[in-house]
Amino acid sequence: LFFTLSSLMWLIASPYWGRQSESVGRKRVMLIGLGSCSLLYMLFALIGSWGLSYHPAALLLFILLLLTRIASGLFFSTVPVAAQAYIADTTQGKERTSALTLVWIGSGLGSIIGPSLGIVSSYGFMTPLYVAAILPLTGFILVWTQLPSTKKKNTLVNTRKYQKVRPFDKRIWPFLLLITALQATILSMQVTTGFFVKDQFHFSLSEAAKVIGLIFMFSGIASITSQLVFVRTLKLSASRLLIIGTSLILLSFTSLFFHTHMTALYVTFTLLGLGIGLVLPGATSGASLSVSASEQGATAGLITAAQGLGTLSGPIIG
């Protein structure tokens, strides 16, 4: 419920933040999102600490935590939406493809750094949650002090009117479908792999957790590596990225035929990470380059909504 409902809020709010990024500016939307997430994460941690200390009714604690998580879900999409639109304002062609990769590299780093926060739980069970609340606050300060506003540099942003883009617009729907399908695949595999590893190899809970952590870590590292090498360094076009990336993903699934060997699972998730690192920036830049300057905010909102739809449906499918 926590994961599904917060993802639903992400899906619902993404188009709204796309429109807001056009009307109030990319930077302001980022600040709203980072500031709100920091406050809501801190509130979540405080409610959790209160629950551990005072032992209220379980249902009351559950509802308070769930409502806080749902509220934070409304702001999850602010930064990816505004960041994608910001990059579209300031780049062209292959430069845009390379620059948009930074959004996905940031996401990949988060998938590695986030789980590692569990280390600080040795200082207190709720400590990782308090650290997680500080991270978006740090981002808020950096955006506020370091990021120039596109409205000051680009008069087009001041004068253009917001143009609505439909999800089934023939220019972008294939990219949206690809992002949704890939995100759903990733999440469905994430929620089932732990059970599979434990059942297949008869690991204890702690052994299975350690193996799953390594598998996902390799996948995250592979994703970042492919983005740095193929996108940032070689500067491949969006179509090349999609062709190579989907081929690697298909190959990763083929390796699951050899699932009786642990090595095959590491190979599967490493290849999957490499493919993800190419397909996501390829599809994002492909959609962005297919629309006009006045449609960038709406398109960024739909891209993030597609990711949210995949995140919502993946665990249910799994």
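Bear in mind the structure is a predicted one, so any value in this text is a computation, not a measurement.

A. Representation of a nonpolar patch on the surface within the structure. Together, Leu1, Leu59, Phe62, Ile63 and Leu67 make up a nonpolar patch on the protein surface, roughly 510 Å² of accessible area in all. Note that Leu59 resides in helix H3 (residues 58-73). When its relative accessible area of 59% is taken as the criterion, Leu59 is described as exposed.

B. Molecular detail of helix H9 (residues 173-201). An ideal rise of 1.5 Å per residue puts 42 Å on 29 residues; H9 measures up with 41 Å between its terminal C-alpha atoms. Along its length, H9 reaches its greatest deviation from straightness, about 35 degrees, at Thr192. Among the residues trailing H9, His202 stands out with phi positive, at a value near 55 degrees.

C. Focus on the environment of Ala82. Tracing the chain through its elements places Ala82 in helix H4 (residues 78-90). Under the relative-accessibility criterion, Ala82 is labelled buried at 0%. Beyond its immediate sequence surroundings of up to four residues, Ala82 is in contact with Arg26, Val29 and Met30.

D. Up close: the confidence of the model for the chain. Confidence in the prediction for the chain averages 87 pLDDT; 95% of positions are at 70 or higher. Across residues 152-160, where pLDDT falls below 50, the model places twelve contacts with residues more than four positions away in sequence or in other chains.

E. Seen up close, the packing of aromatic side chains. In this structure the tally under the stated criterion is nine aromatic pairs. Both rings, one in Phe216 and one in Phe269, keep their centres 5.6 Å apart while their planes meet at 80 degrees; by these two values the pair is edge-to-face. Within this pair, whereas Phe216 is found in helix H10 (residues 205-233), its partner Phe269 is found in helix H12 (residues 262-289), the two being separated by 53 residues in sequence. Classification of Phe216 as partly exposed rests on a relative accessible area of 25%. Chaining the aromatic ring pairs together yields one cluster made of Phe2, Phe44 and Phe62.

F. Spatial organisation of unusual backbone geometry. Phi is positive for His55, close to 50 degrees, though the residue is something other than glycine. Structurally, His55 is set in the loop between helix H2 (26-54) and H3. Its identity as a non-glycine residue notwithstanding, His202 has a phi of 55 degrees, on the positive side. In this structure, His202 sits in the loop between H9 and H10.

G. Geometry of the pattern of salt bridges. This structure, assessed with the given rule, holds four salt bridges. Of the charged contacts, one joins Arg26 and Glu22 as a salt bridge, the two residues approaching to 3.5 Å between their closest N and O atoms. Residue Arg26 is classed as buried on the basis of its relative accessible area, which comes to 1%. Here Arg171 and Glu295 are joined by a salt bridge, their closest N and O atoms 3.0 Å apart. With Arg171 in the loop between helix H8 (155-159) and H9 and Glu295 in the loop between H12 and helix H13 (296-317), this pair connects stretches of sequence that are 124 residues apart. Classification of Arg171 by relative accessible area gives partly exposed; the value is 30%. Note on Glu295: relative accessible area 7%, which makes it buried. Here the salt bridges do not stand alone but share partners, grouping Glu22, Arg26 and Asp89 into one network.

H. Structural view of the nonpolar core. Residues Ile172, Leu182, Val197, Ile215 and Met262 are the most contacted members of the largest nonpolar core, which totals 32 residues. Secondary-structure elements contributing two or more residues to this core are H9, H10, helix H11 (238-254), H12 and H13. Of all the elements, H12 adds the most residues to this core, at ten residues. Residues contacting Ile172, with those up to four places away along its chain left out, are Val165, Arg166, Ala287, Ser290, Val291 and Leu302. Residues Trp17, Cys37, Ala82 and Leu100 belong to the second largest nonpolar core, which totals 20 residues.

Parameters at a glance
Residues numbered from 1 in each chain as written. Predicted model: local features only at pLDDT ≥ 70, side-chain atom pairs only at ≥ 80, totals over all residues. Heavy atoms only, no water. Patch = residues over 30% accessible without salt bridge, like charges linked within 9 Å, V, L, I, M, F, W, Y side chains within 5 Å. Areas by Shrake-Rupley, 256 points an atom, 1.4 Å probe, with all protein chains shown as cover. Salt bridge = Lys/Arg side-chain N within 4 Å of Asp/Glu carboxyl O. Helix = DSSP H or I, 4+ residues; strand = E, 2+ residues; numbered from the N terminus. Buried < 20%, exposed > 50% of the residue type's maximum accessible area, 1.4 Å probe, protein only. Expected span 1.5 Å × (residues − 1). Bend = angle between axes of the 7 residues up to and from the residue. Contact = heavy atoms within 4.5 Å. pLDDT = per-residue confidence, 0-100. Phe/Tyr/Trp six-rings, centres within 6.5 Å; stacked < 30°, edge-to-face > 60°. Core = buried A, V, L, I, M, F, W, Y, C linked by side-chain atoms within 4.5 Å.

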